[in-house]
Every structure is written in C-alpha cells, then in structure tokens.
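So the chains spell out like this:
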Amino acid sequence: CLNNYEQAHLFLKEAIDLNPKRPVAYFICGEIFFRQNKYDKAIVNIKKSLEHKSKINNLYILLGNSYFSYYYVYRAAKAIENYNIALKNDPNNYLCLKNCAYIYEIKVDYLSALDTLDKLLNINKEDSLVLCYYGEILYNMTQYRKAISYFTKAYTIDPENIHNLNRRAITYCIIKEYDKVLSDLDRIIQLDPLNSSAYYLKSLTYYAKNDNNKAKVSFKKYAELLNSDNTLSKIQLFHLEYLLNKNSSIYLNNILKKIDQIHIYKDESLHFIECKTYIELKEYSKAIPLLNNYIGFTFIGYFIQDHPDFWSYLYEVCEINKNDFTEFGIVNEFSKYMYKEHGVYFVSNLINLNSELCQFQESDISSLSGLVMSSKNENLHLVLPKLENNYYDNLICKMNVKKILSKDCFIKFIPNGNYHKDYMLKHKDVSKLEGLGWIEYQISIYGLHNAQLSIEINSIEMQIEYVRFDNPNTITYIPDMSFMSYLLPDYHKFFSNVPETFKDKYFSRKEMENLFDLKDILNSL
C-alpha cells in the first residue's frame, strides 16, 4: 500500500517459500506486477493463485485487466472470458462492463458492444460518455438517426463535451441536415475558438450548401489554425483545396504536387483525393489504379455519377464484348464491368435467367446497382450459375437482414445442391445480423471454387445485392451511398472513440488497480 513494491516482493517470496500452496501470496504478486505494468508476470502469478483454489473475489477481474492491458486487444478473447466469469458473481461491475464494451467494439462485434452499453445505462442512465459511445457505435453501423438520438442525450447531460458535439455534427453532415451541422460547429467554436476541425467541417458544410464564399472564409480560418505536422490536417487541407478549386487545372495539378511531396503514409483518404483530382483533370488512366488498388469498388458509384466520360473510359479499357457473361444473366454494361473487374455478381442478374424471380426484385438507391432481391414476407430460393472463381473458398454476400419472422428462420448456402449444417445460419446467427443495415457477410465453404451455389432464405425479411469470392474477412459495414456527402470515406476514423479520447475517465487506472481487498486476504489466511 506504500508503493514499496521491491520490499513487498521480498516478503512475498518468503511467504511462498514457507507455504507454496497458499494462493493469496500469488494474488498479491499479480496485483503488484499489474501496478508495475509487468502484465505477463501478473498473468503467471494470478494463474498460480487459481491453481491453488483461490476464492478471492476480484481475482478474475485482475486477470481480465492483465490480459486486456497485455498487448492491449491482442488477448481480447482471454480478457472477455475472465470478465464474464467475474460478471456472473457481480453483474453490475462497471469496470468489467466498460472494458468488455470496448473490446467488442474493437473486434467489430457491435451488437455485443451495444448490449454491454445497455447494461451500463441500466446502472447509470446519466453517464454521458457511455451515451456518446453508444452513438459512435450506431454511427459505425450506419444507423445515423439513432446515433444522433444518443449524441443528443449525451449533450443534454454534458453540453460542453466538444467530442460529442463533433460526432453529432459529422453525423448530421452525413444525413445532409446542414443547418444543424453549423449550429453544433458554432457551439464547438464558442467553447474552443482554436478548434481547427470545426472550421474544416464548417467549410465543407457551406460548400455542400453551395455557399462558396462562406466556404472560403472558413477554409482561410482553417488554414490559419493548421498544424503542419499533423497528418489529418494535411489531408483535410488538400480535400478542401480540391473542392474549392476543382474547376481550375492549375490548382488541381498543384494539389497533386503537394501530395507527392509529403512524406507520410498515403491512406485511403489521400488516394481518394488523388483519384478525384485525376478524374477532374480527365487523366483517367492515372485514376483507375487508385480506384482499383486502394479505394475499392464500393465507391465506384460515387466516382461515376457526375462523370459519365470517366465511366465510358472505364468500360472501354475493360474490353468487354457484347455477348460476354450473358450465360450468367449479365446483360447491362455496369454489371458486366463489376463482374469482370471486381468479381461482383449482382443477384438481380438472375431475373434474366428466370423471369419468375421478378416478383422478388426491388429498387434500392443505397445499393451499387440500384436493384436488389428481397425475400419480403416469403421464402426465397436463389440458384446461382456456376461463376468463375479464382480458387477462393470464401463467399462474401452483401445482405441486409431487416426482420426475423419466425424462430424457425434460416439462411442456407448450398454448394452443388449438397446441404451441410456448417453452411447454415440459424435463428441465433441471424439475430446477430438483424437491423445492422447493409453488410458484407462472409462464410467459408469447402470446395466453393469448383461449385455451383444456391441460397435459401426462410422466414426472414431481407435483401441481397451481390455475392463475390475473396480471402476471409470480417463483417464489413457498407456505407449508404444515398447519404454520401462531401465527407472523406471513413472520415470518422480520423477521430478516436470515447474510451480513447477520455482514457483517464473511461479506463480509470486507479479503478483497475483498486482490487486489493484486505478482507479477502485476511479471510484466505
């Protein structure tokens, strides 16, 4: 307790030498090693305490904390396992629940994260940080309006939290409620006049409202506050310069020169700006590699909607013949391009092979092709043609599970007509996907590279847009292209989340180290 850990270790060594089977000494060793940030040694000693039948209350919390802190989330599964044991004895343990929520979010298990945050709010519904964190996860799931409701609850409790205001402003920007964006940004600037990101968003918002004069005023203020050593600041500066000067080839070429001169890792956002700049300059041959290799096909619609000449060039260089892929039901140019260049097969193509499927087709402006297949309130059985597959056994299916209609629901992926239980999602599995919006769900199917696949849906209201074959991946949340504004892709990822922004409050070191209970120790002697 006096923080004289060296002396404490000496006494503990004597105690262990006298009685190697007594668990309390190992527990205290583990506690001290945790305080010294020696998490590997803490884990070893806490495990020894367990081996000797320790009944100390906080043991599993300390072990969970050690796994959580040791290489951070790399040992997340072990941390969760021990926190869950601790939560069986103490379901309202705030420390365990907060750490679990963070681990789930990092692992992109958003439903489990929200479930854990619900438990925290049941304990304290006035916790503004938890409310804001809830909103951030909903944002990641593209549930923007729900996210705003939680940011607003957090704002009511803590109106001076700039982080929360910033996240709400970004979300309003996504759904194009620009007056509300400006209101939040004015509040941020009132609280922090030197907040450069607020001026960046303000310039972007005025640009979206076609008020270029005010956009340039905010841009000038942003440039004055710019931190030249900050990577994000540079990216945002290039982005605004591109938007405000995209009709000037001189400015655009100057932006490309600046991007080439900076010595920072070029992430997706920088490649995004480069690609858009090359398209504006009609240097399409330089834009295509950026689009294919760095940005990804999910944004293809964003790039071609205002540039029909770029689309014509894309299709021409693909060298697609009139009758190519018609055996798969692929007849329009965009579907042919997506299949040849990106291996994306739109299931709406099946209508050209089986006209009876027309009843299941519906329009969806948030999809790439504008058309999806919907099970609606009926069962749906889709038999795909035997598609070209470069020896991938991993299926990726873009789906939107809207509503489960029965506990007998399922989604079956059936290769060559041979059903296998491992390729079936039952109620428990489907319930984890319900309400997530558009996602790319992946499943490994042995021998898929040489198979004809069918998909059977029962008692689920859901949509499917496409399938493709690729390397294994996690669930990917697809941005709603109908909400695509002038924000950079994944702009929110530039900002740390609540646990990382408010690390001292969310991960209270004092709370994590305050597990040393004298009563437990005395009772174990």
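Residues numbered from 1 in each chain as written. Predicted model: local features only at pLDDT ≥ 70, side-chain atom pairs only at ≥ 80, totals over all residues. Heavy atoms only, no water.

Colleague: Sorry, what's going on with the overall build of the protein here?
Modeller: Secondary structure assignment for the protein yields 25 helices and 11 strands. For the protein, the spread of C-alpha atoms along the three principal axes comes to 85 × 65 × 40 Å. Residue burial in the protein is summarised as follows: out of 525 residues, 53% are buried. In the protein, the proportion of contacts linking residues at least 24 apart, taken out of those at least 6 apart, comes to 64%. Working note: accessible area of the protein is about 25,600 Å², and carbon and sulfur atoms make up 47% of it. Counting 60 positive and 63 negative side-chain charges, the protein places the averaged centre of each group 5 Å from the other. (Helix = DSSP H or I, 4+ residues; strand = E, 2+ residues; numbered from the N terminus. Buried < 20%, exposed > 50% of the residue type's maximum accessible area, 1.4 Å probe, protein only. Contact = heavy atoms within 4.5 Å. Areas by Shrake-Rupley, 256 points an atom, 1.4 Å probe, with all protein chains shown as cover. Lys, Arg positive; Asp, Glu negative; His and termini not counted. Charge placed at Lys NZ, Arg CZ, Asp CG, Glu CD.)

Colleague: Can you walk me through the packing of helix 4 (residues 59-69) against helix 6 (residues 94-106) in this structure?
Modeller: The relative placement of two packed helices is expressed as an angle between their axes plus a distance between the axes. Running from N to C, helix 4 and helix 6 cross one another at 30°; their axes reach a closest spacing of 11 Å. For the element pair helix 4 / helix 6, the angle class is roughly parallel. In this structure, the crossing between helix 4 and helix 6 has a hand that is left-handed. Facing I61, N65 and F68 of helix 4, the residues of helix 6 in contact are L95, C96, N99, Y102 and I103. (Axes fitted to C-alpha atoms, helices over the stretch in contact; angles between N-to-C directions. Parallel < 35°, antiparallel > 145°, perpendicular 65-115°, else oblique. Left-handed = near helix turned anticlockwise from the far one by under 90°.)

Colleague: What is the right way to read the sheet that holds strand 7 (residues 424-425) from this model?
Modeller: Hydrogen bonds between backbone groups are what pair the strands of a sheet, and the pairing can be parallel or antiparallel. Pairing is antiparallel in the open sheet, where 4 strands are placed in the order 4-9-6-7. The open sheet has two edge strands, strand 4 (380-383) and strand 7, and neither has a second partner. Where strand 6 (residues 410-415) meets strand 9 (residues 453-458), 6 bridges bridge the pair, whose relative direction is antiparallel. Each bridged residue has a counterpart across the sheet, and for I411 the counterpart in strand 9 is I457. (Pairing = 2+ DSSP bridges.)

Colleague: Can you help me understand the packing of aromatic side chains in this one?
Modeller: The relation between two aromatic rings is expressed through the spacing of the ring centres and the mutual angle of the planes. Taken as a whole and judged by the stated rule, the model has 21 aromatic pairs. An aromatic cluster is defined as three or more aromatic residues linked by ring pairs; in this entry it consists of F297, W311, Y315, F334, Y337, F346 and Y466. In this arrangement the basic side chain of K153 is found over the ring face of Y150, its NZ or CZ atom lying 4.5 Å from the centre. For K412, the ring lying beneath its charged end belongs to F410, and the centroid distance is 4.6 Å. (Phe/Tyr/Trp six-rings, centres within 6.5 Å; stacked < 30°, edge-to-face > 60°. Lys NZ or Arg CZ within 6 Å of the ring centre and 35° of its normal.)

Colleague: In this structure, what is going on with the pattern of salt bridges? I would like to understand it.
Modeller: In a structure, side chains of opposite charge can pair up when their charged atoms sit close to one another. According to the stated counting rule, one finds 14 salt bridges in the structure shown. R167 is paired through a salt bridge with E136; the nearest N and O atoms lie 3.1 Å apart. One end of the pair, R167, is in helix 10 (residues 162-174); the other, E136, is in helix 8 (residues 128-140), and 31 residues separate them in sequence. Here R167 falls in the buried class, since its relative accessible area comes to 4%. Residue classification places E136 among the buried residues on the basis of a relative accessible area of 2%. The closest approach of N and O atoms between E177 and K180, which form a salt bridge, is 3.2 Å. (Salt bridge = Lys/Arg side-chain N within 4 Å of Asp/Glu carboxyl O.)

Colleague: Where do I start with unusual backbone geometry in this structure?
Modeller: For residues that are not glycine, phi is negative in most cases, and the peptide bond is trans in most cases. The backbone of K282 sits at a positive phi, close to 60°, despite the residue not being glycine. The residue K282 is located in the loop between helix 16 (268-280) and helix 17 (284-295) in this model. Unlike most non-glycine residues, E319 shows phi in positive territory, near 55°. The residue E319 is located in the loop between helix 19 (308-317) and helix 20 (333-342) in this model.

Colleague: I'm lost on the side chain of N349 in this one. Help?
Modeller: Along the chain, N349 falls in the loop between strand 1 (345-346) and strand 2 (361-363). Other than its neighbours up to four places away in sequence, N349 contacts F328, G329, I330 and S335.

Worth remembering: the numbers are spatial, not functional.
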